[in-house]
2 protein chains.
Amino acid sequence: MKHCSIIFIILAGGLSACVRPIPEDLIKLDKEFADLYREKGMKYAFMEYAADSAVLLQRNIMPIVGKTAINDAFEAFSDTGFTLTWEPLYAEISKSGDLGYTYGLYTSLIKSSNSQTRGKYVTIWKRQADGSWKYVLDGGNEGL
Amino acid sequence: MKHCSIIFIILAGGLSACVRPIPEDLIKLDKEFADLYREKGMKYAFMEYAADSAVLLQRNIMPIVGKTAINDAFEAFSDTGFTLTWEPLYAEISKSGDLGYTYGLYTSLIKSSNSQTRGKYVTIWKRQADGSWKYVLDGGNEGL
């Protein structure tokens, strides 16, 4: 029985590594990213989901390149005055299942004035060596 | 000799189909896209390089989804008052060589006032059945 269990574990592990990711996986992932943002704040979520080489394209500044630079940018930035929510509309994934993207709509709410800004975003995802997905690029622009 | 030529053509065709695209191919492609824009204008270039499912994320409007909608959007838009140039900074491509992206910096010059706006863009590319690359998403935001 012990041997059978070991064989089963090896087989299951092998099968799980072979399962080709599908676009729905990225939709789910992007929603989990938004959930984590809501629970733990901008910096935590954007660091948690960043690949080492991740790039942020944010308005009015040069591209922020690399996880260290992203960390530094969020150190100098407070998100306590607003909330950001987003919802992916679409996902696509490469045949090799290692690169994909989501795009969707976001809403930013400034708490003090209760004013709302809406916009669009795109997130490009890359599968990491451990099978997890991290974003390699994230950006967007205002207005719908 | 005739048979040899035919065999050579078949072999060369087969090899060329097997050559895995590399990021430098997307850098070159994105520059060709910018060149075509300069030569033939915004609508021509953005239609020429659009996949059927292409999406534009432009400021202050909802995502423009599909080549037909992109065509309609450019019909109602004149780019004769400004020029747009761009330069890719980086490209990445999936292992399967069917999906990739470039990002870089753009400069928009308003001819009448000679005033300049700079910004960042990202273009996601998908290889088509005929081996050509078309963009499936393009967007960006202002300010460096």
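Bear in mind the structure is a predicted one, so any value in this text is a computation, not a measurement.

Procedures and definitions
- Residues numbered from 1 in each chain as written.
- Chains lettered and ligands numbered in written order.
- Predicted model: local features only at pLDDT ≥ 70, side-chain atom pairs only at ≥ 80, totals over all residues.
- Heavy atoms only, no water.
- 1 Å grid on protein atoms, 1.4 Å probe; cavity = no way out; pocket = protein on both sides within 12 Å on 5 of 7 lines; lining within 4 Å.
- Points joined across faces, edges and corners; volume = space filled by probe spheres on them.
- Helix = DSSP H or I, 4+ residues; strand = E, 2+ residues; numbered from the N terminus.
- Nonpolar A, V, L, I, M, F, W, Y, C, P; charged D, E, K, R; others polar.
- Contact = heavy atoms within 4.5 Å.
- Salt bridge = Lys/Arg side-chain N within 4 Å of Asp/Glu carboxyl O.
- Polar contact = N/O pair within 3.5 Å; in protein donor to acceptor, adjacent residues only side chain to side chain.
- Pairing = 2+ DSSP bridges.
- Axes fitted to C-alpha atoms, helices over the stretch in contact; angles between N-to-C directions.
- Least-squares fit on C-alpha atoms with pLDDT ≥ 70 in both.
- Buried < 20%, exposed > 50% of the residue type's maximum accessible area, 1.4 Å probe, protein only.

A. Summary view of empty space enclosed by the protein. For the coordinates displayed, the defined rule picks out two cavities of 30 Å³ or more. Here the largest cavity is characterised by a volume of approximately 60 Å³. As for the largest cavity, its lining consists of Leu57(A), Val122(A), Gly139(A), Gly140(A), Asn141(A), Leu57(B), Lys120(B), Val122(B), Leu137(B), Gly139(B), Gly140(B) and Asn141(B). Broken down by secondary-structure element, the contributors of at least two residues to the lining of the largest cavity are β6 (133-142) of chain A together with β5 (115-127) and β6 (133-142) of chain B. Ranked by the residues each element gives to the lining of the largest cavity, the list is headed by β6(B), at four residues. Its residues assigned to classes, the lining of the largest cavity shows five nonpolar, six polar and one charged. Within this model, the second largest cavity holds a volume of roughly 30 Å³. Listing elements by their share of the lining of the second largest cavity, those giving two or more residues are β6 of chain A together with β6 of chain B.

B. Highlighting unusual backbone geometry. With a phi close to 55°, Asn114(A) is a non-glycine residue in the positive phi region. As for its placement among the helices and strands, Asn114(A) is situated in the loop between β4 (99-110) and β5 (115-127).

C. Representation of the interface of chain B and chain A in the model. Counting residues at the interface gives 33 residues for chain B and 33 residues for chain A. The interface formed by chain B and chain A contains two salt bridges. The partner of Glu92(B) in a salt bridge is Lys126(A), with the nearest N and O atoms 2.4 Å apart. At the junction of chain B and chain A, the tally comes to 17 residue pairs in polar contact (both at pLDDT 80 or more).

D. Highlighting the sheet that holds strand β2 (residues 64-65) of chain B. Residue and element names in this part refer to chain B. The six strands are arranged β2-β1-β6-β5-β4-β3 in an open sheet whose pairing can be described as mixed. Single-partner strands in this sheet number two, and they are β2 and β3 (82-93). With 12 bridges joining them, strand β4 (residues 99-110) and β5 adopt antiparallel strand pairing. Considered in β5, the bridge of Ile 110 is made with Ser 115. Against the sheet, helix α2 (residues 23-40) makes contact with β3, β4, β5 and β6, and its axis sits at roughly 170° relative to β3, the strand it touches most. Packed onto the sheet, helix α4 (residues 67-75) meets β1 (50-57), β2 and β6 and runs at close to 55° relative to β1.

E. Quick peek at the relation of the copies chain B and chain A. In the superposition of chain B on chain A (RMSD 0.0 Å, axial shift 0.0 Å), the rotation amounts to 180°. Considering both components of the superposition, the chain copies are consistent with a two-fold axis. When the interface residues of chain B are mapped onto chain A, 100% of them again fall at the interface, so both copies present the same face.

F. Structural context of the pattern of salt bridges. Residue and element names in this part refer to chain A. For the coordinates displayed, the defined rule picks out 12 salt bridges over all chains. Notably, a salt bridge pairs Glu 87 with Lys 31, separated by 3.6 Å at the nearest N-O pair. With a gap of 56 residues between them, Glu 87 in strand β3 (residues 82-93) and Lys 31 in helix α2 (residues 23-40) connect regions that are remote in the sequence.

G. Layout of the pairing of β1(B). Residues and elements named next belong to chain B. Of all eight residues making up β1, six are buried, and the element is well covered by its neighbours. Bridge count for β1 against β2 is two bridges, and the pairing is antiparallel. Looking at β2, one finds that Leu 56 is bridged to Ile 64. Taking the residues that link successive antiparallel strands as the turn, the β1-β2 hairpin has six residues, and the phi of Asn 60 there is positive, at about 70°.

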